[in-house]
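Each chain, written out:
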Amino acid sequence: MKIILMRHGQAEGYRDADSTRQLTAFGQQQAKETADYIIATYQPDCFVVSPYDRAQQTLTALTEQAPEVPVHVYEGITPSDDPLTAIKGLAAFDAECLVVVCHMSIIAYMAALLTGETPESFQLAEARVFEVAFVATDMGKECDRFIPVQP
């Protein structure tokens, strides 16, 4: 199976709650660029997204192109959540190509847990693709990555 981890696009600065930050126009462009790549290259059959606004808005770029793919909001992939618990939670989703849209720094630690490597920061709206036999730590291998235009 494939797990595609995607970070949200550029968001506005902090004003109120972190969970309500919105994508900028540039962030929406980044999300669309990455979504175009994912949809053209892979066949996602499940979308999993953080409940935070900017992740939801990033996912919209994917769902506009693949409206038939089911969407699951996963409360356990916000910036302050535990990456190991998040990885274990992904095992509940039955998919051959699972796309997960969330945040730094949890996404870097999730990627590191999948591969057993050192965490590496994700660029805005970056997507990394992992081949895994099943969802578990140290069971994945990164096989692709896409980075859209950066600010």
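Right above here is the structure, for reference.
Just so we're clear, the structure is a prediction, and the values are computed from it rather than from any experiment. (Residues numbered from 1 in each chain as written. Predicted model: local features only at pLDDT ≥ 70, side-chain atom pairs only at ≥ 80, totals over all residues. Heavy atoms only, no water.)

*Asks:* Looking at this structure, I do not really get the overall build of the protein. What am I missing?
*Replies:* In terms of helices and strands, the protein carries 4 helices and 6 strands. Helices and strands appear in the protein in the N-to-C order β-α-β-α-β-α-β-α-β-β. Against the globule reference of 15 Å for 151 residues, the protein gives a C-alpha radius of gyration of 14 Å, in line with a compact fold. With the C-alpha coordinates aligned to their principal axes, the bounding extent of the protein is approximately 40 × 30 × 25 Å. For the protein, the residues scored as buried account for 48% of the 151 residues in total. For the protein, long-range pairs separated by at least 24 residues make up 67% of all intrachain contacts whose partners lie at least 6 apart in sequence. Surface accessibility of the protein: about 6,900 Å² in total, with carbon and sulfur atoms responsible for 50%. (Helix = DSSP H or I, 4+ residues; strand = E, 2+ residues; numbered from the N terminus. Rg over C-alpha atoms; globule rule 2.2 N^0.38 Å. Buried < 20%, exposed > 50% of the residue type's maximum accessible area, 1.4 Å probe, protein only. Contact = heavy atoms within 4.5 Å. Areas by Shrake-Rupley, 256 points an atom, 1.4 Å probe, with all protein chains shown as cover.)

*Asks:* Help me understand the nonpolar core in this model?
*Replies:* Grouped burial of nonpolar side chains is what soluble globular proteins tend to show. Grouped together as the largest cluster of nonpolar side chains are 24 residues, with contacts concentrated most on Leu-5, Val-48, Ile-77, Leu-90, Leu-98, Val-100 and Met-110. Only strand E1 (2-7), strand E2 (46-49), helix H3 (83-90), strand E4 (97-102), helix H4 (106-115) and strand E5 (127-132) provide two or more residues apiece to this core. At 6 residues, the largest contribution of residues to this core is made by H4. In contact with Leu-90, not counting residues within four places along its chain, are Val-48, Tyr-74, Leu-98, Val-100, Met-110 and Val-135. (Core = buried A, V, L, I, M, F, W, Y, C linked by side-chain atoms within 4.5 Å.)

*Asks:* Where do I start with the pairing of E5 in this structure?
*Replies:* Consecutive side chains of a regular strand alternate in pointing toward one face of the sheet and then the other. Taken across its 6 residues, E5 has 5 buried, putting it largely inside the fold. In terms of strand pairing, E1 meets E5 through 5 bridges, oriented antiparallel. The residue bridging Ile-4 from the neighbouring strand is Val-129, located in E5. Bridge analysis of E5 against strand E6 (residues 140-146) gives 6 bridges, and the strand direction is antiparallel. Residue Arg-128 lies in a different strand from E6, and its bridge partner there is Arg-145. (Pairing = 2+ DSSP bridges.)

*Asks:* Would you mind showing me how to read H4 here?
*Replies:* Because the α-helix completes a turn every 3.6 residues, residues three or four places apart line up on one side. Counting buried residues in H4 gives 8 out of 10 residues, a clear majority hidden from the surface. Listed as buried for H4 are Ile-106, Ile-107, Ala-108, Met-110, Ala-111, Ala-112, Leu-114 and Thr-115. On its buried face, H4 is in contact with E1, H3, E4, E5 and E6. Phi for Gly-116, located one or two positions after H4, is positive at around 80°.

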